[in-house]
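Next come the chains, spelled out residue by residue.
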Amino acid sequence: MQGSTNQFNAPCREFAHALIFTGHMIDAPGREQARFPAWAESRARRAIHEAIAHLPWTHPGPTVGLAGAASGGDLLFHECCDELRISTRILLALPPDEFIAASVAPAGSDWIRRFHNAVDARRAHSLYVMKNQDGLSEGATDNMWQRANVWMIEQATALAPERGLLALWDGKSGDGPGGTEHFLQVARSSGVRVLPPISMKTLTQNLDH
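Described below are features of the structure shown in this document.

Rules and cut-offs
- Residues numbered from 1 in each chain as written.
- Predicted model: local features only at pLDDT ≥ 70, side-chain atom pairs only at ≥ 80, totals over all residues.
- Heavy atoms only, no water.
- Helix = DSSP H or I, 4+ residues; strand = E, 2+ residues; numbered from the N terminus.
- Buried < 20%, exposed > 50% of the residue type's maximum accessible area, 1.4 Å probe, protein only.
- Contact = heavy atoms within 4.5 Å.
- Areas by Shrake-Rupley, 256 points an atom, 1.4 Å probe, with all protein chains shown as cover.
- Core = buried A, V, L, I, M, F, W, Y, C linked by side-chain atoms within 4.5 Å.
- Axes fitted to C-alpha atoms, helices over the stretch in contact; angles between N-to-C directions.
- Parallel < 35°, antiparallel > 145°, perpendicular 65-115°, else oblique.
- Left-handed = near helix turned anticlockwise from the far one by under 90°.
- Nonpolar A, V, L, I, M, F, W, Y, C, P; charged D, E, K, R; others polar.
- Phe/Tyr/Trp six-rings, centres within 6.5 Å; stacked < 30°, edge-to-face > 60°.
- Polar contact = N/O pair within 3.5 Å; in protein donor to acceptor, adjacent residues only side chain to side chain.

Our focus in this paragraph is the overall build of the chain. Along its length, the chain carries seven helices and seven strands. Going residue by residue from the N terminus, the α and β elements of the chain occur as β-α-β-α-β-α-α-β-α-β-α-β-β-α. Looking at the chain residue by residue over its 209 residues, the buried ones come to 50%. The contacts in the chain between residues at least 6 apart in sequence include a share of 78% that link residues at least 24 apart. Surface summary for the chain: the accessible area is close to 10,100 Å², and the carbon and sulfur share equals 50%.

Right, dumping it as structure tokens:
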């Protein structure tokens, strides 16, 4: 698996738009309250693809996508961007093996395969791993996932003058600090346009799947 742990070094903004994505992982087996059941994957993929394809950017120019690579929303986002010929960069809060164990493997071996495919499909400078000093512009925090949210916004700001955040979200507080709700709050306070979230609740409301 190829990749780089270096930070972005471009002295000027490379893109017109940076699209940040945040979204739920596929539910781990035995999750008490369903949030993103595996059967809803195709619905989520269609919704993400549609949202990306019709983004209301103000100015013309190239777009870069930024997301983690967790099972579910993140990897679907990268795959949809590939289909739409939009370049993306993978930003990981942990080194790849640790990230897989925490955020990919619980959903099964197929998602691990898709993680490696997403990484291998990108050039070496399109994989970044958060360092100790990253994501601290809000102030020191011990929570790695909150720092990762801030870090991703920092990288979007360095890459493009127009920035948007797309979320696949159930509208609720997360299972712990640093979830989608926190990401939306940080984005708004950082001048990132929050696009209408894709409702996970709507995607899973029909039982006759």
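Now, onward.
Position of A167 relative to the elements: it lies in strand β5 (residues 162-169). Exposure remark for A167: the relative accessible area of 1% places this residue in the buried category. The spatial distance from the C-alpha of A167 to the C-alpha of P196 is 7.8 Å, given a sequence separation of 29 residues. Every residue in contact with A167, bar those within four places of it in the chain, is listed here: T22, T180, L184, P197 and I198.

With that settled, the discussion passes to the nonpolar core. Soluble globular proteins tend to bury their nonpolar side chains together. If you look at the biggest cluster of nonpolar residues, it comprises 38 residues, and the most contacted ones within it are I48, I52, F115 and L168. Residues contacting I52, with those up to four places away along its chain left out, are L19, F77, C80, C81, L84, I86 and L166. Core analysis: the second largest hydrophobic core is formed by 25 residues, M152, L165, V186 and V192 among them.

So, on to the packing of helix α1 (residues 41-53) against helix α2 (residues 73-83). Where α1 contacts α2, the axes come no closer than 9 Å and their chain directions differ by 50 degrees. In terms of their interaxial angle, α1 and α2 are classed as oblique. When you trace α1 past α2, the crossing you get is right-handed. Residues E41, A44, R45, I48, H49 and I52 of α1 form the contact with α2, whose participating residues are G73, L76, F77, E79, C80, C81 and E83. Residues that form the contact of α1 with α2 fall into these classes: seven nonpolar, two polar and four charged.

As a further point, take the packing of aromatic side chains. A ring pair, where both rings are aromatic, is described by two values, the distance of the centres and the angle of the planes. For the coordinates displayed, the defined rule picks out two aromatic pairs. Here the aromatic rings of F21 and F77 are separated by 5.0 Å at their centres, their planes lie at 15 degrees, and the arrangement is stacked. Taken as a pair, F21 in strand β1 (residues 17-23) and F77 in helix α2 lie far apart in primary sequence, 56 residues in all. Note on accessibility: F21 and F77 belong to one class, buried.

Note on placement: E14 falls in the segment before β1. Overall, E14 belongs to the partly exposed group, its relative accessible area being 39%. Spatially, the C-alpha atoms of E14 and V64 are 8.9 Å apart, while their sequence positions differ by 50 residues. Here the side chain of E14 touches R89 through a polar contact of 3.2 Å, side chain to side chain.

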